[in-house]
Amino acid sequence: MIFDDEVVCFIELKDCKNKNILRHCQKYNITKGEISVGFEEFAKNLSSNIEQFEFVTFDYGEKYARGDFSIRVYHKHKVYPFFALTNLVSDEELKEDVKLEELFKKSDITYDVNFAHLIKAYEEAGATCKEFSSQMKALIEFGLIELLEILKNNTDEKTYKAELNRVKTLIDPAFMGERFKMVRFRKG
């Protein structure tokens, strides 16, 4: 199956006829899964219009392609596997009880980023990858613990505990701490 637009394409390589997508998949060793088709253009536009920058981003993903589909739909704090919302799943037990059309314009659709692709796009545009790490490591190195100490010393305990719980979600390895990655680029 091929779904092709400006943001993402998800494929099984054996079904793909588009030579540009085939070249892209071969370059990044992708045989099945999602690919971003806008990284290069975004990185080139940024790099050609700004002489000096530091670009940091956090997202779900891994350093290299997964070799499987990760596309999913978030709606009202519930996660739905994308294909379970379509007719592409024939097993009724795997189908979700909500229709994809009901979620249209009301949900977030996401997939795991192939960071090797993102890094290559920025490097080809003239930027340097300065760091790739887990979100937990990055936020701690950015001073998150020190900020919590400042908050603790300058607010009431109820507010501090509420913010501490939010931070735990961001850095706990069982939640977002390891699942999310951070990449940092620099030019100039």
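A. Fine view of the overall build of the chain. Looking only at helices and strands, the chain features seven helices and 10 strands. With the principal axes as the frame, the chain shows a C-alpha extent of 60 × 45 × 25 Å. Counting all 188 residues of the chain, 37% fall into the buried class. Residue pairs at least 24 apart in sequence account for 69% of intrachain contacts in the chain once pairs closer than 6 positions are excluded. As displayed, the chain offers around 12,000 Å² of accessible surface, 52% of which is attributable to carbon and sulfur atoms. For the chain, the separation between the mean place of its 29 positive charges and that of its 33 negative charges on side chains is 2 Å.

B. Region of interest: the packing of aromatic side chains. As enumerated under the stated definition, the model contains nine aromatic pairs in all. Look at Tyr-60 and Phe-180: their rings are 4.3 Å apart centre to centre, the planes differ by 40 degrees, and that puts the pair in the tilted class. Here the residue Tyr-60 occupies a position in strand S4 (residues 53-62), and Phe-180 occupies one in strand S10 (residues 180-187), the gap between them amounting to 120 residues. Taken individually, Tyr-60 and Phe-180 each receive the classification buried, so the pair is uniform in this respect. When the centroid spacing of 4.1 Å and the interplanar angle of 10 degrees are considered together, the rings of Tyr-122 and Phe-185 count as stacked. Taken as a pair, Tyr-122 in helix H4 (residues 115-124) and Phe-185 in strand S10 lie far apart in primary sequence, 63 residues in all. Look at Phe-185 and you get buried, because its relative accessible area is 0%. Following the ring pairs from residue to residue traces out a cluster consisting of Phe-42, Phe-55, Tyr-122 and Phe-185.

C. Broad picture of the pairing of S10. Counting buried residues in S10 gives seven out of eight residues, a clear majority hidden from the surface. Sheet topology note: the strand S9 (residues 128-134)/S10 ladder contains six bridges and is antiparallel. Counted as the bridge partner of Cys-129 is Phe-185 from S10.

D. Summary view of the confidence of the model for the chain. Averaged over all residues, the pLDDT of the chain equals 89, while 92% of them reach at least 70. Confidence over residues 1-8 falls short of pLDDT 50; this stretch has 30 contacts with residues more than four positions distant or in other chains.

Reading guide: rules and limits
- Residues numbered from 1 in each chain as written.
- Predicted model: local features only at pLDDT ≥ 70, side-chain atom pairs only at ≥ 80, totals over all residues.
- Heavy atoms only, no water.
- Helix = DSSP H or I, 4+ residues; strand = E, 2+ residues; numbered from the N terminus.
- Buried < 20%, exposed > 50% of the residue type's maximum accessible area, 1.4 Å probe, protein only.
- Contact = heavy atoms within 4.5 Å.
- Areas by Shrake-Rupley, 256 points an atom, 1.4 Å probe, with all protein chains shown as cover.
- Lys, Arg positive; Asp, Glu negative; His and termini not counted.
- Charge placed at Lys NZ, Arg CZ, Asp CG, Glu CD.
- Phe/Tyr/Trp six-rings, centres within 6.5 Å; stacked < 30°, edge-to-face > 60°.
- Pairing = 2+ DSSP bridges.
- pLDDT = per-residue confidence, 0-100.

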